[in-house]
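Tertiary structure, described
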Amino acid sequence: MPEPPDHRSLRARAEERLREGPEQVEHPAPEEAQRLIHELRVHQIELELQNKELRQTEQELAVAHDRYLDLYEYAPVGYLTLSRDGRILQANLTCERLLGCDRSALARQSFSRFVTSDAQDNYHFFFQRLQHANEPQTVELRMTRADDTPFWARLDASTQAAASEQETAYRMTLTDVTRVHELQEMEQRMLYTVAHDLRTPATIIKGYLPFLLELLPEGEIAEEGRPIVEAVRRALRRMDMMVNDLTEATYLQSGRLVIETRPVELGPYLREMLKQSAGVLDTSRINVKLPTDLPAVSADPERLERILVNLLLNAQKYSPPDTPICIGARRRDGEVMVSVRDQGQGISEEDQPHIFELFFRAARGRKADGIGLGLYITSRLVEAHGGRIWVESEVGKGSTFYFTLKVAE
Ligand code: ADP
């Protein structure tokens, strides 16, 4: 165990050692010589003490250095410091390994050099947010190592405190998330295959049902058979909707969604949409209240229908059949905020943050048909339009879903 530090002066400690020591001068020299010898011995002991302290500090430094190496250099994630203009100032060993080149080659290089060309916009947007938003930023994007092998990276960055704007730098961690992405892709492929494989037998059953009905002999059996066939038909329709949702969700996850927007006047659009959806929606419960001066929105009409039908179907599904459902809209800056309000069971505060997640179903809603895909699809479609979606809800009173769309130019 290291000795506790002795804060008395080196001189005082050396004097004490000399007094304690066994050696004494045998033949006392003249007074001056004796004083010199004393001085010399004190210095000698001072040096010995200093030497010992130095060795101890050296050992402590070595331990601290090893700890630093372990923590910084060999951390399971890459650590980097970036300059104001995105150049690499410092990088740890893990970073060298991840980017496939040593530090001397990394120094002063623009980090964007390692980002694939199709992810450049995404990276620049992330770096801009980091510069201006004043809070930590995260992004996942494709990168390439120095030898051109690609990998998926997650970047988490924050601003490092600096005395002046000139000295501003950013701390960033770089994590290889290729495996996570591979698993996600596998999951997507699996869902896609399941959805497609389910579609074929469902189509066959749907096609043969009328023939089955015709094969039933006239009379009582036919009358008994008819409701059974109807029930099968209804079940098939539900299955069809679920399979469609599954296909759509996997498609949206893959990021291949392209939307084609055009100016849409919500008033006439909603009237027509509700007329067309009368078979699916209970339109007698739906009231539309729009301000007369509402501007046209920029939307993909087909996708907008999906968004609205999903929200209306949920409103219908999770509220008593005799309660109204209201569609509203109002202008807010450059956006139009659309709302769908019901007077149903509501969503608890703890469930609210999760309802837009894939396959999430709140405990109180499980009795109703569904697989927890509708709101996931809806939120992805709203985001693809550049809008936001959220909910305000109170258990036992009802829910209002809001989403925004840009005003058409
Ligand atoms: P699904 O309806 O198939 O379960 P959704 O993704 O459409 O899936 O909705 C997720 C969950 O959010 C539902 O299971 C339900 O618990 C809750 N939810 C959605 N809309 C409403 C609503 N209008 N009122 C109450 N709960 C709702």
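Everything below is about the structure printed above this text.
Residues numbered from 1 in each chain as written. Predicted model: local features only at pLDDT ≥ 70, side-chain atom pairs only at ≥ 80, totals over all residues. Heavy atoms only, no water.

It is worth spelling out the pairing of strand 12 (residues 398–406) at this point. The buried fraction of strand 12 is high, at eight of nine residues. Alignment of strand 10 (residues 335–341) against strand 12, held across seven bridges, turns out to be antiparallel. In the strand pairing of strand 12, Arg341 is matched with Thr400. The sheet contact formed by strand 11 (residues 389–394) and strand 12 spans six bridges and is antiparallel. (Buried < 20%, exposed > 50% of the residue type's maximum accessible area, 1.4 Å probe, protein only. Helix = DSSP H or I, 4+ residues; strand = E, 2+ residues; numbered from the N terminus. Pairing = 2+ DSSP bridges.)

Quick look at the packing of helix 8 (residues 266–276) against helix 9 (residues 301–317) now. Remark: helix 8 packs on helix 9, axes separated minimally by 11 Å, with the N-to-C direction vectors making an angle of 65°. For the element pair helix 8 / helix 9, the angle class is roughly perpendicular. As helix 8 runs across helix 9, the sense of the crossing is right-handed. From helix 8, Leu266, Tyr269, Leu270, Met273 and Leu274 reach across to helix 9, where they touch Pro301, Leu304, Glu305, Leu308, Val309 and Leu312. Residue composition of the contact of helix 8 with helix 9, grouped by class: 10 nonpolar, no polar and one charged. (Axes fitted to C-alpha atoms, helices over the stretch in contact; angles between N-to-C directions. Parallel < 35°, antiparallel > 145°, perpendicular 65-115°, else oblique. Left-handed = near helix turned anticlockwise from the far one by under 90°. Contact = heavy atoms within 4.5 Å. Nonpolar A, V, L, I, M, F, W, Y, C, P; charged D, E, K, R; others polar.)

Okay, the pattern of salt bridges next. Pairing is possible between side chains that carry opposite charge, provided their charged atoms lie close to one another. The tally for this structure, following the rule as stated, stands at 18 salt bridges. Among the ionic pairs, Arg13 bridges to Glu53, the shortest N-O distance being 2.8 Å. With Arg13 in helix 1 (residues 10–20) and Glu53 in helix 2 (residues 31–73), the pair connects residues that are 40 residues apart, well separated along the chain. In this structure Glu53 comes out as partly exposed when scored by relative accessible area, which is 35%. The residue Glu96 makes a salt bridge to Arg103 at a minimum N-O spacing of 2.9 Å. (Salt bridge = Lys/Arg side-chain N within 4 Å of Asp/Glu carboxyl O.)

With that settled, the discussion passes to the layout of surface pockets. Empty pockets left among the atoms are what a rolling probe the size of a water molecule brings to light. Roughly 1,400 Å³ of internal volume is contained in the largest pocket. Met241, Asp245, Leu313, Asn314 and Lys317 are, among the 46 residues lining the largest pocket, the residues nearest its centre. Contributing elements (two or more residues each) for the lining of the largest pocket: helix 7 (220–253), helix 9, helix 10 (374–384) and strand 12. Class assignment of the residues belonging to the lining of the largest pocket gives a composition of 20 nonpolar, 14 polar and 12 charged. (1 Å grid on protein atoms, 1.4 Å probe; cavity = no way out; pocket = protein on both sides within 12 Å on 5 of 7 lines; lining within 4 Å. Points joined across faces, edges and corners; volume = space filled by probe spheres on them.)

The next thing to look at is helix 8. Three- or four-residue spacings in an α-helix give side chains the same orientation, since the helix completes a turn every 3.6 residues. Among all positions of helix 8, only Leu266, Tyr269, Leu270, Met273 and Leu274 are buried. The buried residues of helix 8 all sit within an arc of 125° when viewed along its axis, so they share a single face. Exposed residues on helix 8 whose side chains face more than 90 degrees from its buried face are Arg271, Lys275 and Gln276. (Arc of directions from axis to C-beta.)

Another point: the environment of Leu198. Relative to the helices and strands, Leu198 resides in helix 6 (residues 178–215). Among the residues examined, Leu198 registers a relative accessible area of 35% and is labelled partly exposed. Sequence separation between Leu198 and Ala161 is 37 residues; the distance between their C-alpha atoms is 56 Å. Not counting residues up to four positions away in its chain, the partners in contact with Leu198 are Met239 and Val243.

The next thing to look at is the side chain of Asp300. Locating Asp300 in the fold gives a position in the loop between strand 8 (297–299) and helix 9. Here Asp300 is buried and forms no salt bridge, its nearest opposite-charge partner Arg303 lying at an N-O distance of 4.1 Å. Filtering out sequence-adjacent residues up to four positions away, Asp300 remains in contact with Ile259, Glu260, Thr261 and His385. (Lys, Arg positive; Asp, Glu negative; His and termini not counted.)

That is the geometry; function is a separate question.
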